[in-house]
Amino acid sequence: MDAAFDHDQLLKDLQAMLADEDDWTAAMATVACEIFQRDPQINWAGFYRVVGPRLLKVGPYQGSHGCLTIPFERGVCGRAAREARSQRVDDVREVPDHIACSNSTLSELVVPILDGRGQVRAVLDLDAEALAYFCAGDARAMEGLAQWLGAHYFP
Ligand code: SME
């Protein structure tokens, strides 16, 4: 499948909204809101931040309850942070250590945000209730957004 929102428009709008914004928390909140609002199939959109050695803590998000703490060793977000690589999961039931914050989530896309030294600072997590909701194009688009965020906030 292919997510419903227009990738190019999202990036363009976010770049305009955040051009003069230097606060990372404000930026994360805005990104989560814009993605969630544009795609009704996405049931969770938000961030996990690297807050310590191999530890993620929930950041700004939209959707139902998000688990607060995720070690790098666990789940799809943990793997994205550990490997500094995007993770696209068509069926979360096939991921043994998937962290089910919501039972209705079936597919997800997690993209790391890197700083200028290549260190992971956060991950952007998008979840959907449909199987295989996110396509390779969605992953590329979110990687483009993550790259822009990394360059803008963690040069
Ligand atoms: N599904 C994620 C956990 C975060 S929630 O979905 C919001 C994972 O396994 O990493």
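Above: the structure in question.
Residues numbered from 1 in each chain as written. Predicted model: local features only at pLDDT ≥ 70, side-chain atom pairs only at ≥ 80, totals over all residues. Heavy atoms only, no water.

Visitor: Which residues make up the sheet that holds strand β3 (residues 69-71), and what values do they have?
Guide: Read from one edge of the open sheet, 6 strands run β3-β2-β1-β6-β5-β4, paired in antiparallel fashion. On the outer flanks of this sheet lie β3 and β4 (87-89), each paired with one strand and no other. Sheet twist, expressed as the average angle between the axes of neighbouring strands with direction ignored, equals 25 degrees. Where strand β2 (residues 55-63) and β3 come together, 3 bridges link them in antiparallel fashion. The partner of Leu-56 across the bridge, within β3, is Ile-70. Docked against the sheet, helix α2 (residues 24-38) engages β1 (42-52), β2, β5 (107-114) and β6 (120-128), running at close to 160 degrees with respect to β1. (Pairing = 2+ DSSP bridges. Helix = DSSP H or I, 4+ residues; strand = E, 2+ residues; numbered from the N terminus. Axes fitted to C-alpha atoms, helices over the stretch in contact; angles between N-to-C directions. Contact = heavy atoms within 4.5 Å.)

Visitor: If you had to explain the state of the cysteines to someone new, which residues and values would you point to?
Guide: Throughout the structure, instances matching the rule amount to 1 disulfide. Note that Cys-67 is cross-linked by a disulfide to Cys-101, the S-S spacing being 2.2 Å. Every disulfide takes its handedness from the sign of the S-S torsion; for Cys-67 and Cys-101 that torsion is -130 degrees, giving left-handed. Here the residue Cys-67 occupies a position in the loop between β2 and β3, and Cys-101 occupies one in the loop between β4 and β5, the gap between them amounting to 34 residues. (Disulfide = S-S within 2.5 Å.)

Visitor: Give a description of the environment of Pro-112 that names residues and reports values.
Guide: The residue Pro-112 is located in strand β5 in this model. Its relative accessible area of 9% is what places Pro-112 among the buried residues. If sequence neighbours within four positions are ignored, Pro-112 has contacts with Ala-80, Ala-84, Arg-85, Ser-86, Val-120, Ala-122, Val-123 and Ala-146. (Buried < 20%, exposed > 50% of the residue type's maximum accessible area, 1.4 Å probe, protein only.)

Visitor: Residues and numbers for the site of the ligand, please.
Guide: With respect to spatial proximity, the complete set of residues near the ligand consists of Trp-44, Tyr-48, Ile-70, Gly-75, Val-76, Cys-77, His-98, Ile-99, Cys-101, Glu-108, Asp-125 and Asp-127. Between an oxygen atom of the ligand and a main-chain N or O atom of Ile-99, the distance comes to 2.9 Å. Within the contact set of the ligand, an oxygen atom lies 2.8 Å away from a side-chain nitrogen or oxygen of Asp-127. Contributions of two or more residues to the shell around the ligand are made by β1, α3 (75-83) and β6. Residue contributions to the shell around the ligand peak at 3 residues, all from α3. (Near = heavy atom within 4 Å. Polar contact = N/O pair within 3.5 Å; in protein donor to acceptor, adjacent residues only side chain to side chain.)

Visitor: Kindly report on the environment of Leu-149, identifying the contributing residues and their values.
Guide: Mapped onto the elements, Leu-149 comes out in helix α4 (residues 136-153). Looking at Leu-149, the relative accessible area reads 1%, which means it is buried. Sequence spacing of Leu-149 and Ile-113 is 36 residues, and the spatial spacing of their C-alpha atoms is 7.1 Å. Not counting the four nearest positions on each side in its chain, Leu-149 is found in contact with Leu-18, Trp-24, Val-31, Phe-47, Ile-113 and Phe-154.

Visitor: Would you mind going over the pairing of β6 in detail, with residue names and values included?
Guide: Most of β6 sits out of view: 8 of its 9 residues are buried. In terms of strand pairing, β1 meets β6 through 7 bridges, oriented antiparallel. Following the sheet pairing, Phe-47 is matched in β6 by Leu-124. In terms of strand pairing, β5 meets β6 through 8 bridges, oriented antiparallel. Its bridge partner lying in β6, Val-110 is registered against Asp-125. Hairpin connection between β5 and β6: a loop of 5 residues separates the two successive antiparallel strands, and Gly-118 in this loop has a positive phi of roughly 85 degrees.

Visitor: Could you give an account of the packing of aromatic side chains, naming the residues involved and the relevant values?
Guide: All chains considered together, the criterion is met by 6 aromatic pairs. Ring plane angle 75 degrees and centroid distance 5.8 Å describe the contact between Trp-24 and Phe-47, whose orientation is recorded as edge-to-face. A residue pair is termed long-range when its members are at least 10 positions apart, and Trp-24 in helix α2 and Phe-47 in strand β1 qualify at 23 residues. Each ring, one from Trp-44 and one from Tyr-61, has its centre 4.8 Å from the other, and the planes form 20 degrees; the classification is stacked. Of this pair, Trp-44 sits in strand β1 while Tyr-61 sits in strand β2; the two residues are 17 residues apart in sequence, bridging distant segments of the chain. Among the aromatic residues, those joined into a ring-pair cluster are Trp-24, Phe-47, Tyr-153 and Phe-154. (Phe/Tyr/Trp six-rings, centres within 6.5 Å; stacked < 30°, edge-to-face > 60°.)

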